[in-house]
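Given next are the chains, with one letter for each unit.
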Amino acid sequence: MTPVRKPIRRLVIVGTSLLALILLTGFLEITKSWATNPADQVSHHSTANDEPTTQTTAEKSWVIRAYYSDPEMVVNLAGRIEPWEINQELGYAVLEADLAEIQWLEVSGFQVVIDDQLTLLSSRDFSKLPGQSSGIPGYPCYRTLTETFETANNLADEYPELVSLIDIGDSWEKTDSALQAGHDLLVVKLTNAQRNQTKPKLFIMASMHPRELAPAELSTRFAEYLLVNYNKNADITWLLDYNEIHLLQQANPDGRLHAETGQFWRKNTNNDYCTDTNNRGADLNRNFSFQWGCCGGSSSNVCDELYRGPNPSSEPETLAIQTYLRSQYPDLRQEPLNAAAPITTTGVFIDLHSYSGLILWPWGFTTTLTSNSTALETLGRKLAFFNDYTPQQAMKLYPTDGSTIDFAYGELGVAAYTFEIGTSFFQDCSTFESAIVPDNIPALIYAAKTIPAPYMLPYGPDVITITLSQTSTIQGGRIQIRATLDDTRFMPENGTLPGESINRAELYLDNPPDSTQASPIPVPLLPADGEFDSAIESALGEIDTQGLSAGRHSLFLRGQDSNGNWGPFTAEFFYIEPITLGSEGVFFPLLFSNHSS
Ligand code: 0X9
Ligand code: ZN
């Protein structure tokens, strides 16, 4: 399959060089006045007041494309200016730059082109759409911070057996009691609490860069999708019965409040650095303690968008997340950088960002491969199959040190990924609804299915359909099963793994074998065409329902490829009808009216 590239935005080019910029601007001081209609108000995001603003050209910034001739130039760039996007195909970075930075770019060999549309967008306050009563102004599809917390509380009330809320620490503003502001970092934990056993964990965090509007909402949509489908869809039921899913929907709540007004806020709001400006704060994705500040992938300049903070995990948000991850995942990777996590490691970590359509894995600070690199790549390419994003090692984009994924993998050995979802920070709602949600929910579900063994299961085939001859029968009845198994579902980009032939298929009744329940004996499935010899196969089997109690049952089906790799389970429900004594002493089955209960 050829990866589908997202369409490239059309640029309105108003200048091509620094000289052109000055000629076009025509003067060194730009004075702006407010329009009377608030929707037309234009302000620069680095000025927070409501007064008319006067900006010198030196203070003003533009959103530009910086075309490069050599990828090495991006490495140099990324430690200095925070790239919004790297278009590897066309060889340019999108970034916000002031005059001095544009000058530096041109001296460094970049060709600079101004993106007028994005420059305007980045300096516009949000205003509500006509009739908009909820959501971020102008973006009704994205719940505000307050609404996100409300949703979490409502879900916990509605699904008490499946949802628990965990306060994992405070935002920076909350740690300063004098401010009387700030927020909890709230994790929504999804699992069937009645099934009390050790379970593998998927941890997803979102929008640590607050201007990235879509990730937080995607994490909330994922929670809702899982909860609504529990007990309706066998796969989702299995996921929440045997696994835990932890969602930190708003990883930078203080900053989010600024982003909700239209400011391009990236860092936390820590006022100790670059005091009293909207450039204050530390970039949380450069503040994690693993390889903090090591390699030119962050900035020591307090006002920089990439400011790493004064110390590793200096920020309360970072510390809370690190402490929580350490409490949830055992440390399974030794200190040396080339030490591998065991292939039996459980759990997956996903950090949702925007934008660019990428799936990134460690390392982010060096081009050296991790010792789990083939396995990380395999799951990455598998996830990319679902959302059509480009899978690659993070460092291939540009260097970052002190990032989340390097911490999760480097310190604990957890399979760790950054998703860069969508095509814009302030992503339009129609793209969010029509592409981002439907493309990414299946990727997140697949990630959840692999958490019992993320370094092994993605090598194996997927069960893509299960068809039953009937979904309910009397006890002792037989149900025929046809399943399709597919070992080819990888994004072909950035990897060499071909699909292997399917070798085996089997199913378990009611308990998958790695649950703590006694492992049942698997029922083998046979090749529908007489031989398991290709990468996509149909397999046939039969369930003997003798001895099964009345009510709902689950089957768990999986396949193995010719290299011996088992894929993750896919589950399906079936029902045994209850036997009732009729008036003349005859047993007859009661038919179910509702199979989903
Ligand atoms: O720079 C970041 O923190 C991430 N991009 S974003 O536009 N969402 O800010 C990318 C982090 C991925 N890691 C590396 N590229 N090494
Ligand atoms: Zn980000």
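Residues numbered from 1 in each chain as written. Chains lettered and ligands numbered in written order. Predicted model: local features only at pLDDT ≥ 70, side-chain atom pairs only at ≥ 80, totals over all residues. Heavy atoms only, no water.

Engineer: I'm lost on the sheet that holds strand β9 (residues 201-206) in this one. Help?
Structural biologist: Neighbouring strands of a sheet are bound in pairs by backbone hydrogen bonds; such pairs are parallel or else antiparallel. Taking strand neighbours across the sheet as the criterion, the eight strands line up as β7-β8-β10-β9-β11-β14-β12-β13 in an open arrangement whose pairing is mixed. Of all strands in the sheet, those with a lone pairing partner are β7 (163-170) and β13 (390-393), marking the two edges. Averaged over neighbouring strand pairs, the angle between their axes works out to 20 degrees when direction is ignored. With four bridges joining them, strand β12 (residues 358-361) and β13 adopt parallel strand pairing. Paired with leucine 360 across the two strands is glutamine 392, which belongs to β13. Sitting on the sheet, helix α10 (residues 316-328) is in contact with β7, β8 (184-190), β9, β10 (244-248) and β11 (348-353), with an inclination near 130 degrees to β7. Those strands touched by helix α11 (residues 373-387) are β11, β12, β13 and β14 (415-420), and its axis lies near 35 degrees from that of β14. (Pairing = 2+ DSSP bridges. Helix = DSSP H or I, 4+ residues; strand = E, 2+ residues; numbered from the N terminus. Axes fitted to C-alpha atoms, helices over the stretch in contact; angles between N-to-C directions. Contact = heavy atoms within 4.5 Å.)

Engineer: What's the story with the sheet that holds strand β18 (residues 502-509) in this structure? I'm lost.
Structural biologist: The strand order across the open sheet formed by eight strands is β15-β17-β20-β19-β18-β21-β22-β16, and the pairing between neighbours is mixed. With one partner strand each, in any of the chains shown, β15 (462-468) and β16 (472-474) form the two edges of the open sheet. Strand after strand, the sheet turns through a mean of 30 degrees between neighbouring axes, direction not considered. Taken together, the three bridges between β16 and strand β22 (residues 570-577) define a ladder with parallel strand orientation. Considered in β22, the bridge of isoleucine 474 is made with glutamate 577. In this fold helix α8 (residues 234-242) packs onto β21 (551-561) and β22, with an angle of close to 105 degrees to the strand it touches most, β22.

Engineer: So what exactly am I meant to see when it comes to the confidence of the model for the protein here?
Structural biologist: Reading fine detail from the predicted coordinates is not recommended where pLDDT is low. Residues at a pLDDT of 70 or more form 86% of the protein, whose mean pLDDT is 88. Contacts from residues 22-53, a stretch scored under 50 in pLDDT, to residues over four places away or in other chains number 59 contacts. Of the regions scoring below 50 in pLDDT, residues 590-597 engages in 17 contacts with residues more than four places distant in sequence or in other chains. (pLDDT = per-residue confidence, 0-100.)

Engineer: Looking at this model, I keep getting lost on the packing of α11 against helix α13 (residues 429-450). Mind explaining?
Structural biologist: Each pair of packed helices can be summarised by the angle the axes make with each other and by the distance between the axes. At a minimum axis separation of 7 Å, α11 and α13 run at an interaxial angle of 150 degrees. With respect to each other, α11 and α13 are oriented roughly antiparallel. Our pair here, α11 against α13, has a crossing hand that is right-handed. Facing Leu379, Lys382, Leu383, Phe386 and Asn387 of α11, the residues of α13 in contact are Asp439, Asn440, Pro442, Ala443, Tyr446, Ala447 and Thr450. Among the residues making up the contact of α11 with α13, the classes are represented as seven nonpolar, three polar and two charged. (Parallel < 35°, antiparallel > 145°, perpendicular 65-115°, else oblique. Left-handed = near helix turned anticlockwise from the far one by under 90°. Nonpolar A, V, L, I, M, F, W, Y, C, P; charged D, E, K, R; others polar.)

Engineer: Help me out: how do you make sense of the pattern of salt bridges in this one?
Structural biologist: It is possible for side chains of opposite charge to pair when their charged atoms get near one another. Across all of its chains, the model carries 20 salt bridges by this definition. Glutamate 244 serves as the salt-bridge partner of lysine 201, at 3.1 Å between the closest nitrogen and oxygen. Pair noted here: lysine 201 is in strand β9 and glutamate 244 is in strand β10, with a separation of 43 residues, a long-range link. Using a relative accessible area of 17% as the deciding quantity, one classes lysine 201 as buried. With a relative accessible area of 8%, glutamate 244 lands in the buried category. For arginine 266, the salt bridge is made with aspartate 283, and the minimal N-O distance between the two is 2.6 Å. (Salt bridge = Lys/Arg side-chain N within 4 Å of Asp/Glu carboxyl O. Buried < 20%, exposed > 50% of the residue type's maximum accessible area, 1.4 Å probe, protein only.)

Engineer: Help me understand the state of the cysteines, please; the structure alone is not making it clear to me.
Structural biologist: Each disulfide consists of a covalent bond between the sulfur atoms of two cysteine residues. By the definition in use, this model includes three disulfides. There is a disulfide in this structure between cysteine 274 and cysteine 303, and the S-S distance comes to 2.0 Å. The chirality of the disulfide connecting cysteine 274 with cysteine 303 is right-handed, given an S-S dihedral of about 100 degrees. Residue cysteine 274 is found in the loop between α9 (253-259) and α10, and its partner cysteine 303 is found in the loop between α9 and α10; the two are separated by 29 residues along the sequence. Between the sulfur atoms of cysteine 294 and its disulfide partner cysteine 295 the distance amounts to 2.1 Å. With the S-S bond torsion at -105 degrees, the cross-link from cysteine 294 to cysteine 295 turns out left-handed. Since its relative accessible area comes to 33%, cysteine 294 is described here as partly exposed. Judged by its relative accessible area of 36%, cysteine 295 falls in the partly exposed class. In the protein, numbering the disulfide-bonded cysteines from first to last in sequence yields the connectivity 1-6, 2-5, 3-4. (Disulfide = S-S within 2.5 Å.)

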